[in-house]
Amino acid sequence: MATVESQGRAPVARVRRLEPAAIGAVLWRELTVFRRYWRSTTFSSVLEPTIFLLAFGFGFGALVSRVAGYSYIEFVGTGVVATAVLFSSVFPGLFTTFIKRRFQRTYDSLLAAPIDVEELVTAEVLWLALRAGIYGMAPLLVAMVFGLDPAWGMLVVPLIGFVTGFGFAAFGVTIAAVAKSIDNFNYVTSSVITPLFLVAGTFFPIDALPGWASTLAQFNPLHHCVELVRDAVFGFQLGPDLLHVAVLVAFALLMWRLAIWRLRLRLID
Amino acid sequence: MPSPAITLRGVHKRFGEITAVAGLDLDVPAGTCLGLLGPNGAGKSTTMRMLTAQTIADSGEIEVLGYRLPGESKQARARCGVVPQIDNLDFELTVRQNLTVFARLYRVPKAERAGAVDRALAMANIAARADSVVDELSGGMRRRLLVARGLVHRPELLLLDEPTVGLDPQVRSELWALVDELRSEGVTILMSTHYIEEAERLADEVAIMAEGRIVARGRPQDLVAEHVGTEVVEIYGPAPALLEAERRATGEGFASRRTGPVLAILGAERSNGALPEGYRRPASLEDVFVVLTGQEIE
């Protein structure tokens, strides 16, 4: 019986995991869609940090001249990079993933072709991470207009934004895979994203917080992004910065696997 | 005999309390067109999704183009084209861009990609709208694009899930002509449908599915001859008259079915004047369908 069955069988083609052709096709799709709306995305990515810098820079800057050894504009200008990275990764991760999965059924159409969920998630997250890395530079450029001195270390900032954005985009994809409706995102936005964003050392140093809160902030990946960006701009400190990198990479890998697992459960029944 | 392009053996699939597929056995010989006919909820779409491993069977064996699913599904999918029932086109992209994404996914080499897209555009008769954004297309155009998308890499096997639902007659007959052409080129086609006429016209063989399994399988004319004979007498009238006629037919040993105000008596060619008078017509696949599934076509 087994021999009869095996007669008509095709030779087993080698299938590798994470095939570049599959990931490349999805990246091409994203890039093509992006060409239709890059103006609005770029507009808000530049305007948002400008508003933060103006509001906090002039508002708080009038009250506090120096924070943690920096002028307030330097402190906020570098800190807001993490905000830009977070917003440009987690929100598209949440919303566009949910829309493509639930309403457009884009993922159903793709998965009928030779691509698996692992490749699909990798491509989607890679795309958002690339975008986040680039848009993370916007606050620095704006801050330079307001007096931040350029530094060679700024060239590393897109890479920091990429790794951080990878983790948060994958986090967004995970939630979008679990959520039953877009309304569910409110829970995550208020209980997770807002605290992460506020208690990251962006607008005020976390050591100004009560002990328990600043300890908790150590577990906030965004805090490590903020610190790493500041060190890139004002001077690296080997030991602490290696820890920041390690936390960001670990967060990205963990979220990546989590996103693949949850989206597979949702798309394959 | 050529090896089957699709083999399903004892396939089961449950979704919670609902059993969608219950012991399905089905072969689709290479180079033929098989029509999978069944009422809504018979398990046709689940079966289609299992062939691309987007639904994983609870038990049973599935082979597509010689690849064992779900483990080797990616290889099988590379050589399959899929036309889904629902419109899942990228509505923000142009027609050509939609096809290019899939040409890339299906690993059409770079040098051949533009040619493959043009060929698919021509086959589905949408070349004139190649640079329109999908959002601007009519329903018929969108369905043509869905078909083109499934053909861009010249698949050996085409899975069509209710390909002409909701289309106007012109687009429908155009798609029928395309399917016919593909079949003559040797493409294997599995087409789920609940349009009897579609199955009769296009399919070499028909498999009738009800409650998650195949209840009959064969060439359309053979199925008609085997299950309902060659002629049917249809009687129209008020319910009591139909009841009386039905009683008479049953008494004479004839099978019959009621559809609203119509009583159809099957195998009428065997009658020697014993049956009530009515309108005589040739038996059809629809009669087979109703007899076997107990359900009406909508």
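Just so it is clear, the structure is predicted and the values come from calculations on it, not from any experiment.

Quick look at the overall build of chain B
Now for step 1: Scanning chain B for helices and strands turns up ten helices and 14 strands.
Now for step 2: In terms of its C-alpha atoms, chain B occupies a principal-axis envelope of roughly 70 × 40 × 40 Å.
Now for step 3: Within chain B, residue pairs in contact and separated by at least 24 positions form 67% of the contacts whose partners lie at least 6 positions apart.
Now for step 4: When the accessible area of chain B is evaluated, it comes to approximately 12400 Å², of which 50% is carbon and sulfur surface.
Now for step 5: Distance from the positive charge centre (34 side chains) to the negative charge centre (42 side chains) of chain B: 5 Å.

Concerning the sheet that holds strand S6 (residues 80-83) of chain B
Residues and elements named next belong to chain B.
Now for step 1: On the basis of which strands lie adjacent, the open sheet formed by six strands has the order S6-S7-S8-S3-S9-S10 and mixed pairing. Whereas interior strands pair on both sides, the edge strands pair on one side only; in this sheet they are S6 and strand S10 (213-218). Geometrically, the sheet is characterised by an average inter-axis angle of 15 degrees between neighbouring strands, direction not taken into account.
Now for step 2: Pairing of S6 with strand S7 (residues 157-161), which is carried by four bridges, proceeds in the parallel orientation. Directly across from Val82, in S7, lies its bridge partner Leu159.
Now for step 3: Of the strands in this sheet, S6 and S7 are in contact with helix H5 (residues 139-151), which crosses S6 at around 165 degrees.
Now for step 4: Running over the sheet, helix H8 (residues 220-228) touches strand S9 (205-210) and S10 and is turned about 105 degrees from S10.

Describing the pairing of strand S4 (residues 59-64) of chain B
Residues and elements named next belong to chain B.
Now for step 1: Direction of pairing for strand S1 (residues 4-15) relative to S4: antiparallel, over a ladder of five bridges. Counted as the bridge partner of Arg9 is Glu61 from S4.
Now for step 2: Bridge analysis of S4 against strand S5 (residues 67-69) gives three bridges, and the strand direction is antiparallel. Each bridged residue has a counterpart across the sheet, and for Val64 the counterpart in S5 is Tyr67.
Now for step 3: Taken together, S4 and the strand that follows it, S5, pair antiparallel across an intervening segment of two residues, in which Leu65 is found at a positive phi of about 50 degrees.

Thoughts on a nonpolar patch on the surface
Now for step 1: A contiguous nonpolar patch, built from Leu54, Phe58, Val145 and Phe146 of chain A and spanning about 400 Å² of accessible area, is present on the exposed surface.
Now for step 2: You can see Val145 of chain A is positioned in helix H6 (residues 137-145).

Things to note about the nonpolar core
Now for step 1: Counting residues in each nonpolar core, the largest one holds 138 residues, and the members touching the most others are Leu110 of chain A together with Ile189 and Leu285 of chain B.
Now for step 2: Sorting elements by how many residues they give to this core places helix H3 (residues 72-103) of chain A first, with twelve residues.
Now for step 3: Of all hydrophobic cores here, the second largest spans 29 residues; its members include Leu26, Ile62, Cys80 and Leu190 of chain B.

Here we look at the interface of chain B and chain A
Now for step 1: Between chain B and chain A, the contact holds 40 residues from the first and 35 residues from the second.
Now for step 2: Of the roughly 3300 Å² buried between chain B and chain A, counting both surfaces, carbon and sulfur atoms make up 55%.
Now for step 3: It is Gln54, Lys74 and Leu105 of chain B that lose the most area in chain B upon contact with chain A, and together they represent 19% of the buried surface on that side.
Now for step 4: Along the contact surface separating chain B from chain A lie seven salt bridges.
Now for step 5: We note a salt bridge from Asp116 of chain A to Lys74 of chain B, for which the minimum N-O separation is 3.9 Å.
Now for step 6: Those elements that place two or more of their residues in the side of chain B that touches chain A are S1, S4, S5, helix H2 (73-78) and helix H3 (95-105) of chain B.
Now for step 7: In terms of residue count, the dominant contributor to the side of chain B that touches chain A is H3 of chain B (six residues).

Regarding the layout of surface pockets
Now for step 1: If you add up the space inside the largest pocket, you get close to 610 Å³.
Now for step 2: Mapped by element, the contributors of at least two residues to the lining of the largest pocket are H3, helix H4 (106-111) and helix H11 (238-267) of chain A together with helix H1 (44-51), S6, H5 and S7 of chain B.
Now for step 3: Taken together, the residues of the lining of the largest pocket sort by class into twelve nonpolar, nine polar and nine charged.

As for the sheet that holds strand S2 (residues 18-29) of chain B
Strand pairs in the sheet, formed through backbone hydrogen bonds, run parallel or antiparallel to each other.
Residue and element names in this part refer to chain B.
Now for step 1: Strand order across the open sheet formed by four strands is S2-S1-S4-S5, with antiparallel pairing between neighbours. Looking at the sheet topology across the chains shown, the edges are occupied by S2 and S5. Recorded for the sheet is a direction-independent mean angle of 25 degrees between the axes of neighbouring strands.
Now for step 2: H1 rests against S1, S2, S4 and S5 of the sheet, and its axis sits at about 120 degrees to S1.

As for the packing of aromatic side chains
Residues and elements named next belong to chain A.
Now for step 1: Following the criterion strictly, the structure yields 19 aromatic pairs over all chains and no others.
Now for step 2: With a centroid separation of 5.1 Å and 90 degrees between ring planes, the pair formed by Phe95 and Phe185 is classed as edge-to-face. Linking Phe95 in helix H3 with Phe185 in helix H8 (residues 185-198), this pair joins segments that are 90 residues apart in sequence.
Now for step 3: Of the residues examined, Phe95 reaches a relative accessible area of 31% and is grouped as partly exposed.
Now for step 4: Of the aromatic side chains, those joined through ring pairs into one cluster are Phe52, Phe56, Phe60, Tyr72, Phe75, Phe87, Phe91, Phe197 and Phe203.

Considerations on the UniProt feature "transmembrane region" (unreviewed entry) in chain A
Now for step 1: Residues annotated by UniProt as "transmembrane region" (unreviewed entry) correspond here to residues 46-69, 75-99, 120-146, 152-178, 185-206 and 242-260 of chain A.
Now for step 2: Structurally, residues 242-260 of chain A comprises 100% helix and 0% strand, and the distance from its first C-alpha atom to its last is 27 Å.

Details of the packing of H3 of chain A against H6 of chain A
Residues and elements named next belong to chain A.
Now for step 1: Contact pair H3 / H6: the axes reach a minimum separation of 7 Å and the direction vectors enclose 155 degrees. Between H3 and H6, the angle is such that the two are roughly antiparallel. Crossing of H3 over H6 shows right-handed handedness. Packed against H3, whose contacting residues are Gly77, Thr78, Val80, Val81 and Ala84, the element H6 presents Pro139, Leu140 and Ala143 at the interface.
Now for step 2: In the contact of H3 with H6, the residues fall into six nonpolar, two polar and no charged.

A word on the environment of Thr97 of chain A
Now for step 1: As for its placement among the helices and strands, Thr97 of chain A is situated in helix H3.
Now for step 2: When the C-alpha positions of Thr97 of chain A and Phe168 of chain A are compared, they lie 13 Å apart, and in sequence the two are 71 residues distant.

What counts and how
- Residues numbered from 1 in each chain as written.
- Chains lettered and ligands numbered in written order.
- Predicted model: local features only at pLDDT ≥ 70, side-chain atom pairs only at ≥ 80, totals over all residues.
- Heavy atoms only, no water.
- Helix = DSSP H or I, 4+ residues; strand = E, 2+ residues; numbered from the N terminus.
- Contact = heavy atoms within 4.5 Å.
- Areas by Shrake-Rupley, 256 points an atom, 1.4 Å probe, with all protein chains shown as cover.
- Lys, Arg positive; Asp, Glu negative; His and termini not counted.
- Charge placed at Lys NZ, Arg CZ, Asp CG, Glu CD.
- Pairing = 2+ DSSP bridges.
- Axes fitted to C-alpha atoms, helices over the stretch in contact; angles between N-to-C directions.
- Patch = residues over 30% accessible without salt bridge, like charges linked within 9 Å, V, L, I, M, F, W, Y side chains within 5 Å.
- Salt bridge = Lys/Arg side-chain N within 4 Å of Asp/Glu carboxyl O.
- Core = buried A, V, L, I, M, F, W, Y, C linked by side-chain atoms within 4.5 Å.
- Buried < 20%, exposed > 50% of the residue type's maximum accessible area, 1.4 Å probe, protein only.
- Buried area = accessible area lost by both parts, 1.4 Å probe.
- 1 Å grid on protein atoms, 1.4 Å probe; cavity = no way out; pocket = protein on both sides within 12 Å on 5 of 7 lines; lining within 4 Å.
- Points joined across faces, edges and corners; volume = space filled by probe spheres on them.
- Nonpolar A, V, L, I, M, F, W, Y, C, P; charged D, E, K, R; others polar.
- Phe/Tyr/Trp six-rings, centres within 6.5 Å; stacked < 30°, edge-to-face > 60°.
- UniProt positions renumbered as here; feature names shortened; annotations may be inferred.
- Parallel < 35°, antiparallel > 145°, perpendicular 65-115°, else oblique.
- Left-handed = near helix turned anticlockwise from the far one by under 90°.

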